[in-house]
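Single-letter residue listing:
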Amino acid sequence: MEEVLNEQVVLDGKRVLVTLDSAAGVLQWRGERDGQLILQNDLIGFCSSESGICLYTFRMTKSSSYCGKGLPGRKRKDMVVEFSNDGARRLWCDSLQRILDKAGRPKRLLVLVNPFGGRKTGRKVFSASVEPLLKAAGITYTVKETQFQRHALDLAKESDLSQLDGIVCVSGDGVLVEVLNGLLERSDWERAIKMPIGIIPAGTGNGLAKSVLDHVGEPCDAASATFLVIRAGQTQPLDVATAKQSNVKFHSILMLTWGLVADVDIESERLRWMGALRLDVYTLIRISNLRKYNGQLYYIPAPGYEGTGTPLNEEFARTTLMTSGEANSDSSLQKHGDPGSLQKNFSEWREMEGPFILIWLNNVPFVSESVNAAPNAKFADGYLDLIILKDCPRWALLNLLLKVQTGGHIKSKYVDYLKVKTFRLDPVGRHASDVQGGYTDLDGEILARDKGSFGDGSNYPMSYGPPIEVTVEPGLATIFCPP
């Protein structure tokens, strides 16, 4: 079969010479107007009729309706190619299909839509931005709406993965985290966790979606995220963090927070009607009435970050850190994130004592579309990025938080920023206050809540006070994203 095809055609009413280079995956045209398509990057799909071929393109432009005037973004455009004979049309159809098939694009997807997250726009986002592109790409998809908390977890556990090329979440980060935990709770989890997962931003924070799209230079919108899933072909490993307390454990892909960030994330729920703006408004409220929390941190720093904290007494480490590790030696847990496997490296541990303003443990760079919390974080480097803020005047804190959009906050003299292999938090209540309070927040959900805090105080999976340990399993999960 020829690798390069040349044909005189009519393209959108203009006569041109079109060249299709199958090896390079490039379509070019010369004539009354010139242009080209990088098929893997610009083509959603195509359809054929008796008169010709309709190319469904989604190309980067300087100005896009998705992103606002003057900002780069992708724009959908359909191009009609008319051939002089049917044999040429069929030859070109075959060549185009081979190029797309060679890219390894997904053909069968399970799409989970959260109709309740954020401003409850999940259904609208799917129908307006996701479904039209999936149809244009010729992808077979099954849509299921999540009806209750942990529904996505159940769906991931029960789905027949042999019939799928990926799972796509039209939601904020919460549904994707449920899918991750569901895959890891399956009896065939070692195979299931390799199922590629895609995320379409339709929530309040959209941290993973922003991290993925920023990684490939795409704007953070639903259509661009959908096209990334369609054209991905290639996938990328993603580190998975495991938070554990006694025999209770949860797997995370975004962050664990304690202190200011957790307070804002959880207590601003009462302002959910404001959308993402609720986080900014409640941040100002919390800064004006700043809290500090007592507690203790223990962690193993990554190479090059040993200068932060105090080396932990080895005998103390042996008696304190082994308490939970020895009690949980089940091999099935150790296979994906059991903290006990790292607790033997006693000489590597560091400690830091509070009070603290915030503790922020991150797996990916962005925790929302506008917060680049951990600019040095990588998807699969085997480390978690830890931000520690112990003391900071209110005026400096406000200035520091204004810089989180660009990641400039990590340069502040008040901030300790380091990478860690494993982490342990021993939280206590508020500093210099009769009120206890406090939350441990994992990917936007409460792990543990102390008395006196916002919420009803029931049905939380972990207790506030006993230590919570976090380890990272390098590259355990898989996401739709080119390297």
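Everything here concerns the structure above.
Residues numbered from 1 in each chain as written. Predicted model: local features only at pLDDT ≥ 70, side-chain atom pairs only at ≥ 80, totals over all residues. Heavy atoms only, no water.

Some details on the overall build of the chain
Then comes step 1: On a plain count of helices and strands, the chain comes out with 13 helices and 23 strands.
Then comes step 2: Since a compact globule built from 483 residues should have a radius of gyration of about 23 Å, the 25 Å found for the chain is in line with a globular shape.
Then comes step 3: Along the first, second and third principal axes, the C-alpha atoms of the chain reach 80 × 50 × 45 Å.
Then comes step 4: Evaluated residue by residue, the chain yields a buried proportion of 57% over its 483 residues.
Then comes step 5: Restricting to contacts in the chain with at least 6 residues of sequence separation, those with at least 24 account for 71%.
Then comes step 6: Carbon and sulfur atoms make up 50% of the accessible area of the chain, which totals about 20,600 Å². (Helix = DSSP H or I, 4+ residues; strand = E, 2+ residues; numbered from the N terminus. Rg over C-alpha atoms; globule rule 2.2 N^0.38 Å. Buried < 20%, exposed > 50% of the residue type's maximum accessible area, 1.4 Å probe, protein only. Contact = heavy atoms within 4.5 Å. Areas by Shrake-Rupley, 256 points an atom, 1.4 Å probe, with all protein chains shown as cover.)

Quick word on unusual backbone geometry
Then comes step 1: Put simply, glycine 354 and proline 355 share a cis peptide bond, and its omega is 15°.
Then comes step 2: Structurally, the position occupied by proline 355 is in the loop between strand E17 (350-353) and strand E18 (358-362).
Then comes step 3: At arginine 150, a position not held by glycine, the phi torsion is positive, near 75°.
Then comes step 4: One can find arginine 150 in the loop between strand E9 (140-145) and helix H4 (151-158).
Then comes step 5: Judged by relative accessible area, which is 38%, arginine 150 ranks as partly exposed.

Description of the pairing of strand E13 (residues 248-252)
Along any regular strand, the residues point their side chains to alternate faces of the sheet.
Then comes step 1: Sheet topology note: the strand E12 (residues 235-245)/E13 ladder contains 5 bridges and is antiparallel. Note on E13: the bridge partner recorded for lysine 244 is lysine 249.
Then comes step 2: If you look at the hairpin formed by E12 and E13, you'll find 2 residues sitting between the two strands, and serine 246 has a positive phi there, around 55°. (Pairing = 2+ DSSP bridges.)

Structural notes on a nonpolar patch on the surface
Then comes step 1: There is a patch of nonpolar side chains on the surface, built from Leu284, Leu398 and Leu402 and spanning about 300 Å² of accessible area.
Then comes step 2: Tracing the sequence through the fold places leucine 398 in helix H13 (residues 394-402).
Then comes step 3: Leucine 398 sits in the partly exposed class, given a relative accessible area of 35%. (Patch = residues over 30% accessible without salt bridge, like charges linked within 9 Å, V, L, I, M, F, W, Y side chains within 5 Å. Salt bridge = Lys/Arg side-chain N within 4 Å of Asp/Glu carboxyl O.)

Section: helix H7 (residues 207-215)
Then comes step 1: Burial of H7 is extensive: 7 of the 9 residues sit out of reach of the surface.
Then comes step 2: Of the residues making up H7, those classed as buried are Gly207, Leu208, Ala209, Lys210, Ser211, Val212 and Leu213.
Then comes step 3: For H7, the elements touching its buried residues are helix H5 (173-184), strand E11 (197-201), helix H8 (222-231) and strand E23 (468-480).
Then comes step 4: Count one or two residues on from H7 and you reach glycine 217, which has phi positive near 75°.

Concerning the pattern of salt bridges
Then comes step 1: Applying the stated criterion to the full structure yields 22 salt bridges.
Then comes step 2: The shortest N-O distance in the salt bridge between lysine 135 and glutamate 131 comes to 4.0 Å. Taken together, the residues span about one helical turn, with lysine 135 and glutamate 131 both in helix H3 (residues 122-136) at a distance of 4 residues.
Then comes step 3: Here aspartate 188 and arginine 191 are joined by a salt bridge, their closest N and O atoms 2.5 Å apart.
Then comes step 4: Overlapping salt bridges bring together Asp263, Glu267, Arg286 and Arg291 as one network.

Concerning the packing of helix H10 (residues 277-288) against H13
Then comes step 1: In contact at an axis separation of 10 Å, H10 and H13 are set at 160° when each is read in the N-to-C sense. Here H10 lies roughly antiparallel to H13, going by the angle between them. Judged by the twist between their axes, the crossing of H10 over H13 is right-handed. For the pair formed by H10 and H13, the contact residues are Thr283, Leu284, Ile287 and Ser288 on the first element and Arg394, Leu397, Leu398 and Leu401 on the second.
Then comes step 2: Of the residues in the contact of H10 with H13, the class split is 5 nonpolar, 2 polar and 1 charged. (Axes fitted to C-alpha atoms, helices over the stretch in contact; angles between N-to-C directions. Parallel < 35°, antiparallel > 145°, perpendicular 65-115°, else oblique. Left-handed = near helix turned anticlockwise from the far one by under 90°. Nonpolar A, V, L, I, M, F, W, Y, C, P; charged D, E, K, R; others polar.)

Let's talk about the sheet that holds strand E6 (residues 52-61)
Then comes step 1: The strand order across the open sheet formed by 7 strands is E4-E3-E2-E1-E7-E6-E5, and the pairing between neighbours is antiparallel. Two strands close off the open sheet at either side, each with one partner strand: strand E4 (35-38) and strand E5 (43-48). Taken pair by pair, the neighbouring strands of this sheet meet at an average axis angle of 30°, ignoring direction.
Then comes step 2: Taken strand by strand, helix H2 (residues 86-102) contacts strand E1 (4-11), strand E2 (14-21), strand E3 (26-31), E5 and E6, and its axis lies near 150° from that of E5.

So, the packing of aromatic side chains
Then comes step 1: Evaluated as defined, the whole model comprises 5 aromatic pairs.
Then comes step 2: Summarising the aromatic geometry, the rings of phenylalanine 58 and phenylalanine 227 are spaced 5.4 Å apart at their centres and angled 80° between planes, so their arrangement reads as edge-to-face. Remark: phenylalanine 227 occurs in helix H8 and phenylalanine 58 occurs in strand E6; sequence separation between them is 169 residues. In terms of burial, phenylalanine 58 and phenylalanine 227 fall into one category: buried.
Then comes step 3: Aromatic rings pair up to connect Trp258, Tyr293 and Phe356 into one cluster.
Then comes step 4: Here lysine 210 stacks its cationic end above the ring of phenylalanine 366, 5.2 Å away from the centre of that ring. (Phe/Tyr/Trp six-rings, centres within 6.5 Å; stacked < 30°, edge-to-face > 60°. Lys NZ or Arg CZ within 6 Å of the ring centre and 35° of its normal.)

A word on the pairing of strand E15 (residues 293-301)
Then comes step 1: The buried fraction of E15 amounts to 8 of the 9 residues, a majority that puts the element mostly inside the structure.
Then comes step 2: One ladder, built from 8 bridges, connects E15 with strand E20 (residues 415-430); its direction is antiparallel. The residue bridging glycine 295 from the neighbouring strand is proline 427, located in E20.
Then comes step 3: Note that E15 and E17 share 4 bridges and pair antiparallel.

A short note on the packing of H3 against H8
Then comes step 1: One can describe the packing of H3 onto H8 by two numbers: an axis separation of 9 Å at closest approach and a directional angle of 30°. By the angle between their directions, the pair H3 and H8 is classed as roughly parallel. Classified by chirality, the crossing of H8 by H3 is right-handed. Contact residues: H3 offers Val125, Ser129, Val130, Leu133 and Leu134, while H8 offers Ala222, Ala223, Thr226, Phe227 and Ile230.
Then comes step 2: Here the contact of H3 with H8 is composed, by residue class, of 8 nonpolar, 2 polar and no charged.

Some details on H5
Then comes step 1: With 12 residues, H5 should reach 16 Å at 1.5 Å per residue; the first-to-last C-alpha distance of 17 Å fits that figure.
Then comes step 2: Of the positions making up H5, those classed as buried are Asp173, Val175, Leu176, Val177, Glu178, Val179, Leu180, Asn181, Gly182, Leu183 and Leu184. (Expected span 1.5 Å × (residues − 1).)

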